[in-house]
Amino acid sequence: MNQRLNTILVLLLLCFTAASLTRAADPARSLPPVYHHWLVEEVPYIISTDERKDFLALRTDVERDNFIAAFWEARNPAPGSSFNSYKDEHYRRLSYANQNFGSARYDDGWRTDMGRMYITLGPPKLRTPYHIMANIREMEVWFYQGESPALPPFFNLVFYRPGPGEEYKLYSPRNDGPAHLVSTGQQDNMAALKILRSQLGGEVAHDALSLIPDEPVDFDTGQPTMDSDLLLNTIRNLADNPIERARVAPTRARERAVGSLVAAAGPADLETTIYRDEQGRLTLSYLLRNHVPVPALVGRRKDGTTGYSLNLRTRLLTAGSPAGPAALAYEQESAMQGTLTDAQAETARNRRFGAEERLPIVPGTYNLEVALRNNLTAEVQLFRGAVTVPEVAPGHLSISALEYYGRSSPVRDPSGMLPFTVSGLRFAPRSIQAAWIHGGDKLPLVFQLQLPPASAGVAQPSSLHVHYVVGVVTSATETPLQFDEDVSTQNADAAGNILTGHTLDTAGLTLGNYRVVVHATGAEGRLSASSSLQLHIVPLDSPVDLWTAYGAEPAEASAFDDLKRGLAAQALGSFDQAIRWYSASLRSHPDDARSLRQLASALAHENRRDQLAALASEPQLARHAEPETALMVANALDATGATGRAISLMEGQLALQPPDAALLNALADFYEHSGNAGKAKDYRQRASALGGKS
């Protein structure tokens, strides 16, 4: 009896240990059922790896509920709206998959290949079944129009039943091959292709070799292409794809602040100005300025000191249009921290606050989404604003916004990496589009005049005439203050930029609202530009002082500035411009994998094979490179006749990184093209041994 009891106890202990190990291996198992269901069955194909990790790290249901709310809001095409079409469409797809695929009894259609593709990509544009065909397995071909920049413009998906009663399986031209689509028992791809062509036509036979309709295939050898399997791999990992994450990536600052109170945006202005450097590159600086003091921004920090600790997350998106939704260009985050004396802390609590940021940019119309997190209180405030960066019109004069800056003298910023730096000088901003001051205070203004570049062929005037007007907004009879000055153009930099400004005396102005207008003209009025600022003269007891914070100067930022300009241009659909910026970024920082990847992807998108093949000489490709980048370059080499160099590139990469099925299959293709069937077979077998996993 005791022996039997001991045996039962041992078995129970083993079961308990096994269950514990299983929970440890999969942290999702330890979640409460409702959150386990959300993570595992509702969003497994649209949540990124980083987001899943963050969600699993949460400890309370409140944090999880806040995370889920932020997860959907970050994907909301109309941020702030109570109707989230993205979320509604996702759950419609999930419901359809569970009702039409898999077992309706177990509600597991989401697990099937068809369910996964339907949830990830939505309904196909065309769905063609082949269910009762002699010698051919039950098949369906789904035709898609790629709505993500990470996917081809058009592609097909093929599903087939391996056996009667089995679930449809997603077909891979390389890992399955045409022989898997026929039921004759033959393992010969050429014979299978012949059956497919004779019974279903050339299009289905083409699908058996390539899922991309316009990709050439070789019916003489029956060799499937590699691009189809890259496509399938991209779809399976779409949530983690860099391009897709850049397009629909959530506002991670909102998700990471899951334990906080997400406050409605209080009274604040999001003001912007755009400066041009001596190379003609544009940078946007913005000031997120509160209307009233926010005492909670200053307090006791974790290290016991008094000060502030903030995180500023910025998303730059295109404006969107009826022709297409807004696209994310890029996002960046700045940490703003500082220690204050007791006197400084008291002063800051009674002053308005402004957060500063700089964004490399190209001409276009954008939306800004800003999340400011106070780490002392865990409160997050969300702000949105629109900005238009005008094209530099040939032969025209431009003028930046009028920046009202602090009383202290500007400081030198040789690197130009800090917000509100122009011509190597940083002017601490107090406002850009509207200023609140006490009567009699000085109003120092700075702005940049931007002449047409010399390459435009426009004769430069020797000076510019600048006319200032300060008038009452509501009065049509009161005479405005006016004065003039001439600005020499001899101090213009290589791009035609002139830094200038003026300090206005407001001693004669009474309480009220005014408009400051600056109008600049060239010789004989051929060049003309204007800019303005709202001026509010307020009572002496109204708070007008401002303190601001900005992130630390980033290291090696110039290269990444050009990368971000490329991302902005690509989001706007200007691939030519994006390629120029990616190339500049790579020249400045040859070891940056992101610049090389983005450049290769943009060149591949534009089918510029010669330029893509030329990237083979980049130093990165002589070392460990990202497989996707190496494959794009190697394919371009092969397509331009340099198959030997493509082989060398792939051999080098396989020697530097773990085995990768896509690289092995590519190398097999290149050896076949070079006539070395033995090597091709060897590498194909090695790829097959990996199970098609990369």
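The rules behind these values
Residues numbered from 1 in each chain as written. Predicted model: local features only at pLDDT ≥ 70, side-chain atom pairs only at ≥ 80, totals over all residues. Heavy atoms only, no water. Helix = DSSP H or I, 4+ residues; strand = E, 2+ residues; numbered from the N terminus. Buried < 20%, exposed > 50% of the residue type's maximum accessible area, 1.4 Å probe, protein only. Contact = heavy atoms within 4.5 Å. Areas by Shrake-Rupley, 256 points an atom, 1.4 Å probe, with all protein chains shown as cover. Pairing = 2+ DSSP bridges. Axes fitted to C-alpha atoms, helices over the stretch in contact; angles between N-to-C directions. Parallel < 35°, antiparallel > 145°, perpendicular 65-115°, else oblique. Left-handed = near helix turned anticlockwise from the far one by under 90°. Nonpolar A, V, L, I, M, F, W, Y, C, P; charged D, E, K, R; others polar. Phe/Tyr/Trp six-rings, centres within 6.5 Å; stacked < 30°, edge-to-face > 60°. Lys NZ or Arg CZ within 6 Å of the ring centre and 35° of its normal. Polar contact = N/O pair within 3.5 Å; in protein donor to acceptor, adjacent residues only side chain to side chain. Expected span 1.5 Å × (residues − 1). pLDDT = per-residue confidence, 0-100. Core = buried A, V, L, I, M, F, W, Y, C linked by side-chain atoms within 4.5 Å. Salt bridge = Lys/Arg side-chain N within 4 Å of Asp/Glu carboxyl O.

Draft legend 1. Looking closely at the overall build of the protein. For the protein, the count of helices and strands is 20 helices and 27 strands. Here the protein, with 694 residues, has 48% of them falling under the buried criterion. For the protein, restricting intrachain contacts to residue pairs at least 6 apart in sequence, the fraction spanning at least 24 positions comes to 64%. For the protein, the accessible area works out to roughly 32,500 Å², and carbon and sulfur atoms hold 52% of it.

Draft legend 2. Up close: the sheet that holds strand β4 (residues 169–170). Taking strand neighbours across the sheet as the criterion, the four strands line up as β1-β2-β3-β4 in an open arrangement whose pairing is antiparallel. Among the strands making up the open sheet, the edge pair consists of β1 (126–130) and β4. As paired strands, strand β3 (residues 154–160) and β4 are joined by two bridges and run antiparallel to one another. Counted as the bridge partner of Y160 is K169 from β4. Lying on the sheet, helix α9 (residues 227–236) is in contact with β3 and β4; it crosses β3 at an angle near 85°.

Draft legend 3. Representation of the packing of helix α18 (residues 643–656) against helix α19 (residues 661–673). Put simply, α18 and α19 touch, their axes get as near as 9 Å, and they point 150° apart. As summarised for this structure, α18 and α19 are arranged roughly antiparallel, according to the angle between their axes. Considering the relative orientation of α18 and α19, their crossing is left-handed. Residue-level contacts link T643, A646, I647, M650, E651, Q653 and L654 of α18 to L663, L664, A666, L667, F670, Y671 and H673 of α19. Residue composition of the contact of α18 with α19, by class: 10 nonpolar, three polar and one charged.

Draft legend 4. Region of the structure containing the packing of aromatic side chains. Counted according to the given criterion, the structure contains 20 aromatic pairs. An aromatic cluster is built from W38, F55, F67, F71, W72, Y86 and Y91, whose rings are joined through pairwise contacts. Against the face of F71 rests R75, its NZ or CZ located 3.8 Å from the ring centre.

Draft legend 5. Structural detail: the side chain of R301. Mapped onto the fold, R301 is located in the loop between β8 (299–300) and β9 (306–318). Separated by 3.4 Å, the side chain of R301 and the backbone oxygen of Y308 make a polar contact. R301 has contacts with G307, Y308, Q337, G338, T339 and L376, leaving out every residue within four places of it along the chain.

Draft legend 6. Highlighting the environment of D669. Its location among the elements puts D669 in helix α19. Apart from the residues within four sequence positions on either side, D669 is in contact with R174, Q223, M226 and R684.

Draft legend 7. Layout of helix α14 (residues 575–588). With 14 residues, α14 should reach 20 Å at 1.5 Å per residue; the first-to-last C-alpha distance of 20 Å fits that figure. The complete set of buried residues in α14 reads F575, Q577, A578, I579, W581, Y582, A584, S585 and L586.

Draft legend 8. Up close: the environment of E42. Mapped onto the fold, E42 is located in helix α2 (residues 33–42). Through-space distance from the C-alpha of E42 to that of S95 is 9.8 Å; in sequence the pair is 53 residues apart. Excluding anything up to four places from it in sequence, E42 contacts H37, H90, Y91 and L94. In this structure the side chain of E42 is engaged in a polar contact, spanning 2.8 Å, whose partner is the side chain of H37.

Draft legend 9. Fine view of the sheet that holds strand β25 (residues 512–521). Strand order in the open sheet formed by five strands is β20-β26-β25-β22-β23, and the pairing between neighbours is mixed. Here the strands that pair on one side only, and so sit at the sheet edges, are β20 (434–438) and β23 (481–488). Direction aside, neighbouring strands of the sheet carry axes that sit 25° apart on average. For strand β22 (residues 463–472) and β25, the ladder comprises eight bridges, and the chain directions are antiparallel. In the sheet register, V472 faces β25, and the bridge partner there is Y514.

Draft legend 10. Just the confidence of the model for the protein, in detail. Summary statistics for the protein give a mean pLDDT of 84 and a share of 86% for residues scoring 70 or more. Element-level pLDDT for the protein is lowest in helix α1 (residues 2–25), with a mean of 41, against a maximum mean of 96 in β4. Across residues 250–265, where pLDDT falls below 50, the model places 58 contacts with residues more than four positions away in sequence or in other chains.

Draft legend 11. Structural context of the side chain of T306. With respect to the helices and strands, T306 occurs in strand β9. Look at T306 and you get buried, because its relative accessible area is 10%. Apart from residues no more than four positions distant in its own chain, T306 is found in contact with V298, G299, R300, G338, T339, L340, D342, A345 and R349.

Draft legend 12. Just the nonpolar core, in detail. One finds Y286, L372 and M650 to be the most contacted residues of the largest nonpolar core, which totals 78 residues. Apart from the residues lying within four places of it in its own chain, the contact partners of L372 are L288, L310, N311, L312, M336, F353, A355, E379, V380, Q381 and F383. One finds Y45, L151, Y160 and L231 within the second-largest nonpolar core, a separate group that totals 44 residues.

Draft legend 13. Quick peek at unusual backbone geometry. Phi at F420 is positive, roughly 60°, even though this residue is not glycine. For F420, the location among the structural elements is in the loop between β16 (411–412) and β17 (421–422). Residue classification places F420 among the buried residues on the basis of a relative accessible area of 0%.

Draft legend 14. Local environment of the pattern of salt bridges. Inspection of every chain in the model, using the stated rule, returns 30 salt bridges. Here R75 makes a salt bridge to E51, at a shortest N to O gap of 2.9 Å. Note that R75 is positioned in the loop between α4 (61–74) and α5 (85–100) and E51 in helix α3 (residues 49–56), a separation of 24 residues in sequence. Here D505 makes a salt bridge to K442, at a shortest N to O gap of 3.6 Å. You can see D505 sitting in strand β24 (residues 497–505) and its partner K442 sitting in strand β21 (residues 442–450), a full 63 residues away along the chain.

Draft legend 15. Structural view of the environment of K442. On a C-alpha basis, the gap between K442 and T506 in space is 6.2 Å, while along the polypeptide they are 64 residues apart. Residues in contact with K442, not counting those within four places in the same chain, are Y404, T503, L504 and D505.

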